[in-house]
Amino acid sequence: MGEQVPPPLPMTWRPRRATIIAYGMAVVMVVGSVVLAITLPSGMFHLPDRIGMVVFGLLVAGALHLLGRLRVEADERGITIVNALRVHRYEWPEVLDVTMDEGDPWPKIDVANGLTVGAMGIQSTERERSRRAVAELSALIRDRGEAPDRV
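This structure is a prediction, so every number in the text was calculated from the model and none was measured.

Conventions used here
Residues numbered from 1 in each chain as written. Predicted model: local features only at pLDDT ≥ 70, side-chain atom pairs only at ≥ 80, totals over all residues. Heavy atoms only, no water. Pairing = 2+ DSSP bridges. Helix = DSSP H or I, 4+ residues; strand = E, 2+ residues; numbered from the N terminus. Axes fitted to C-alpha atoms, helices over the stretch in contact; angles between N-to-C directions. Contact = heavy atoms within 4.5 Å.

(A) Structural detail: the sheet that holds strand β5 (residues 95-99). Spatially, the 3 strands line up as an open sheet ordered β5-β6-β7, and their pairing is antiparallel. Edge positions in the open sheet fall to β5 and β7 (116-118), since each of these has one partner strand only. Going from strand to strand, the sheet's axes swing by 25 degrees on average, the running direction of each strand aside. Judged from the 4 bridges that link them, β5 and strand β6 (residues 108-111) form a sheet pairing that is antiparallel. Residue pairing in the sheet places Thr99 in a bridge with Lys108 of β6.

See below:
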């Protein structure tokens, strides 16, 4: 098997299915809560109840946005890992390796400060896409980082 050629930069990897499901469900929640707030009988539900339903739909949509924004971005200076709750930015010399073992939900990126960061923007459920993404990211780390070449 030949050595993977690094992809051109900038490059973004994001899960296809998770993004579609997260934003699709967010739309359903917002539209559903608005429709429900409008169609409920006025004798039992008053304006604060209706506003509360819409706010609840918006809060759920906000939580789903956190799952829909997952991605890993690579540019000339380094990588940005956008997970559900945190964004991590590392320069290329800080990035040591990327691994995704069988059964892992997403790859792990080893960085120079001793931490390992999960890259939720590459989902193992998208088998071929995730393998390709890990191979491309690994090639970029070998090309731009200070990681030793694998033998």
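(B) View of the sheet that holds strand β1 (residues 11-13). Read from one edge to the other, the open sheet built from 4 strands follows the order β1-β2-β3-β4, with strand pairing classed as antiparallel. Each edge of the open sheet carries a strand with a single partner, namely β1 and β4 (87-91). Strand-to-strand twist of the sheet, defined as the mean angle between neighbouring strand axes without regard to direction, takes the value 10 degrees. Alignment of strand β3 (residues 78-82) against β4, held across 5 bridges, turns out to be antiparallel. Looking at β4, one finds that Thr80 is bridged to Arg89. Set on the sheet, helix α3 (residues 127-144) makes contact with β1, β2 (71-74) and β3; between it and β1 the angle comes to about 145 degrees.

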